[in-house]
Amino acid sequence: MSIFPIKFKADMRHILKADDFNPKLIEELFKKALFFEKSLEKKKDLKSLVGAIMCSLFYEESTRTRFSFEAAMHRLGGQVISTENASMFSSAAKGENLEHTIQVISGVASPAMRYADIIVLRHPEIGAAQRAARVSGVPIINAGDGAGEHPSQALLDIYTIQKFCKRLENLSIGFVGDLAFGRIVRSLVKLLSQYKNNRFYFIAPEGLKIGQDIKEYLVKKGISFQENGNLEDVIGDIDFCYVTRVQKNHIQDQKFIEEYQNSKDKFVISKEIYELSEARGTFFGHPMPIDSREQEISPEVENLPRVIFLKQAGFGVPVRMALLEWIYKK
Ligand code: CP
């Protein structure tokens, strides 16, 4: 007999991939995120998650995702348990598999004695969040699984796009940089594909081009896209330019990194690119971190009005507050 509480599992709101969202749910979450944004500005005392515990279980490094989820939980009156570097300081270092870790934290054998009510998981392996959800007694949020997906980042990204472009439909969106290994782009393309008449430009060096699976996904949905090798050629047609760093931590073959470094001028947001986008009024976002060695957004433009990555990172808090409350209040 299974020890897993199947009924409990079936009721849960896991967030594992971008396709777990839909426009109706996104609208609901964004209304709540806007409410939280205003509440934070007014320093309102919020209490909707008092008594709830979130476990942030990060096997990979993070600044924004981990801290904004933790801040979101604290802001709603909830509590957080965590470990510094789960690969090193959880019992994974002693050979424990992910499944056992998740089963224990989520209290599958004794739900009343679970350690946490929600688990936010970042892991280096594609599919790790799905593996976790299969055995978990509590909802799992995928905070990045290798080169797989990062759905909550994509959610805050479209919140940002809506704020600045005032719509989520009829947009030309450029994706620049490492499109092969960047998990955020995979999630963001899928989310933006749920809205009408969006067109995508994929601007990447050889070796870091968007994956065949994403292209097939777009073809199947009848969504228009093109691939380019130089941002300068298309910047005048782009409403929102989403810049990404080269995922050196996920790239095995050094050759791809060298290829990027040798042709970098075609992919960085320079003063020239900023000026070329003036007429269109293009906004420039980045999920961060920006690699200070590569400067994919040049320091000479990073404080200009249409470069909005710091505001984007800030939206992580109200958007994740909305997400946590929606998951917990089920
Ligand atoms: N955007 C993002 O995922 O940043 P971190 O790696 O710092 O969490």
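Residues numbered from 1 in each chain as written. Predicted model: local features only at pLDDT ≥ 70, side-chain atom pairs only at ≥ 80, totals over all residues. Heavy atoms only, no water.

1. A few points about the pairing of strand E8 (residues 240-243)
Across a regular strand the side chains alternate sides, sitting on one face of the sheet and then on the other.
Piece 1. On E8, burial covers both faces: Phe240 and Tyr242 on one face and Cys241 and Val243 on the other are all buried.
Piece 2. Both strand E5 (residues 172-176) and E8 contribute to a ladder of 4 bridges, which runs parallel. Note that in E8 the partner of Val176 across the bridge is Val243.
Piece 3. As defined by bridge partners, E8 adjoins strand E9 (residues 283-285) across 3 bridges and the pair is classed as parallel. Bridge pairing links Tyr242 to Gly285 in E9. (Buried < 20%, exposed > 50% of the residue type's maximum accessible area, 1.4 Å probe, protein only. Helix = DSSP H or I, 4+ residues; strand = E, 2+ residues; numbered from the N terminus. Pairing = 2+ DSSP bridges.)

2. Brief notes about the site of the ligand
Piece 1. Every residue lining the ligand is accounted for by Ser62, Thr63, Arg64, Thr65, Arg122, His150, Gln153, Pro287 and Met288.
Piece 2. Measuring from an oxygen atom of the ligand, one finds a side-chain N or O atom of Thr65 at 2.7 Å.
Piece 3. Here His150 contributes a side-chain N or O atom positioned 3.0 Å from an oxygen atom of the ligand.
Piece 4. Calculation on the ligand without its partners gives an accessible area of 260 Å², and the protein chains cover 92% of this total.
Piece 5. Most atoms of the ligand, that is more than half of them, are within 2 Å of grid points of the largest pocket.
Piece 6. Classifying every residue of the shell around the ligand gives 2 nonpolar, 5 polar and 2 charged.
Piece 7. Built from parts of two domains, the shell around the ligand gets at least three residues from each of domain 1 (18-149 + 315-328) and domain 2 (151-313). (Near = heavy atom within 4 Å. Polar contact = N/O pair within 3.5 Å; in protein donor to acceptor, adjacent residues only side chain to side chain. Areas by Shrake-Rupley, 256 points an atom, 1.4 Å probe, with all protein chains shown as cover. 1 Å grid on protein atoms, 1.4 Å probe; cavity = no way out; pocket = protein on both sides within 12 Å on 5 of 7 lines; lining within 4 Å. Sits in = over half its atoms within 2 Å of the grid points. Nonpolar A, V, L, I, M, F, W, Y, C, P; charged D, E, K, R; others polar. Domains from an automatic or database assignment.)

3. Considering the sheet that holds E5
Piece 1. With respect to topology, 5 strands assemble into an open sheet ordered E7-E6-E5-E8-E9, the strand pairing being parallel. Of all the strands in the sheet, just strand E7 (225-228) and E9 have a single pairing partner and so form its edges. If you compare each strand with its neighbour and ignore which way they point, the axes differ by 20 degrees on average.
Piece 2. This element, helix H7 (residues 151-165), spans E8 and E9 of the sheet and lies at about 150 degrees to E8.
Piece 3. Seen against the sheet, helix H8 (residues 183-192) touches E5, strand E6 (199-203) and E8 and runs at an angle of roughly 170 degrees to E5. (Axes fitted to C-alpha atoms, helices over the stretch in contact; angles between N-to-C directions. Contact = heavy atoms within 4.5 Å.)

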